[in-house]
Amino acid sequence: MEILIGNDGSSTTLSKDFLQQYSNLSIQYLMFPHRGLAGVRQNLFEYAQGQYVMWCDGDDMFATFTALSVINNLMQ
């Protein structure tokens, strides 16, 4: 499982310290020029390597990190 996070040209960014909390996961944090939701999704889709894609927007979240870890372990 890979996690792609796209920044759509915002000056608000995720810190390296925040991302390092999840170093056991394959996370790519990608910066793009502002193109809107459809544009950033298209950019992310071009980077995706998996057979399946699941979109999660800024207001979506997993119930707990444990839930994401279980999914990641099952995918291994």
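*Asks:* What am I meant to see in the pattern of salt bridges here?
*Replies:* Side chains that differ in charge, positive against negative, can pair when their charged atoms come close. Per the stated rule, a full pass over the model turns up 1 salt bridge. Here D57 and R41 are joined by a salt bridge, their closest N and O atoms 2.7 Å apart. Of this pair, D57 sits in the loop between α2 (36-47) and α3 (65-75) while R41 is found in helix α2, placing the two residues 16 residues apart along the sequence. On the accessibility criterion, R41 (23% relative accessible area) is partly exposed.

*Asks:* Help me understand the environment of M61 in this model?
*Replies:* Relative to the helices and strands, M61 is located in the loop between α2 and α3. What makes M61 exposed here is its relative accessible area of 74%. In sequence terms M61 and I71 are 10 residues apart; their C-alpha atoms lie 14 Å from each other.

*Asks:* I keep staring at the environment of Y29 and nothing clicks. Help me out?
*Replies:* In this fold, Y29 is placed in strand β2 (residues 26-32). For Y29 and I5, which are 24 residues apart along the polypeptide, the C-alpha to C-alpha distance reads 4.8 Å. Ignoring sequence-local partners within four residues, the contact set of Y29 consists of I5, N7, T12, T13, L14 and L19. Here L14 takes part through its backbone nitrogen, which lies 3.1 Å from a polar atom of the side chain of Y29.

*Asks:* Where do I start with the confidence of the model for the chain in this structure?
*Replies:* Detail in the predicted coordinates should be disregarded across regions flagged by low pLDDT. Per-residue confidence for the chain gives a mean pLDDT of 86; residues scoring 70 or more make up 95%. Averaged pLDDT values for the elements of the chain fall to 75 in α3 and rise to 94 in α2.

Conventions and cut-offs
- Residues numbered from 1 in each chain as written.
- Predicted model: local features only at pLDDT ≥ 70, side-chain atom pairs only at ≥ 80, totals over all residues.
- Heavy atoms only, no water.
- Salt bridge = Lys/Arg side-chain N within 4 Å of Asp/Glu carboxyl O.
- Helix = DSSP H or I, 4+ residues; strand = E, 2+ residues; numbered from the N terminus.
- Buried < 20%, exposed > 50% of the residue type's maximum accessible area, 1.4 Å probe, protein only.
- Contact = heavy atoms within 4.5 Å.
- Polar contact = N/O pair within 3.5 Å; in protein donor to acceptor, adjacent residues only side chain to side chain.
- pLDDT = per-residue confidence, 0-100.

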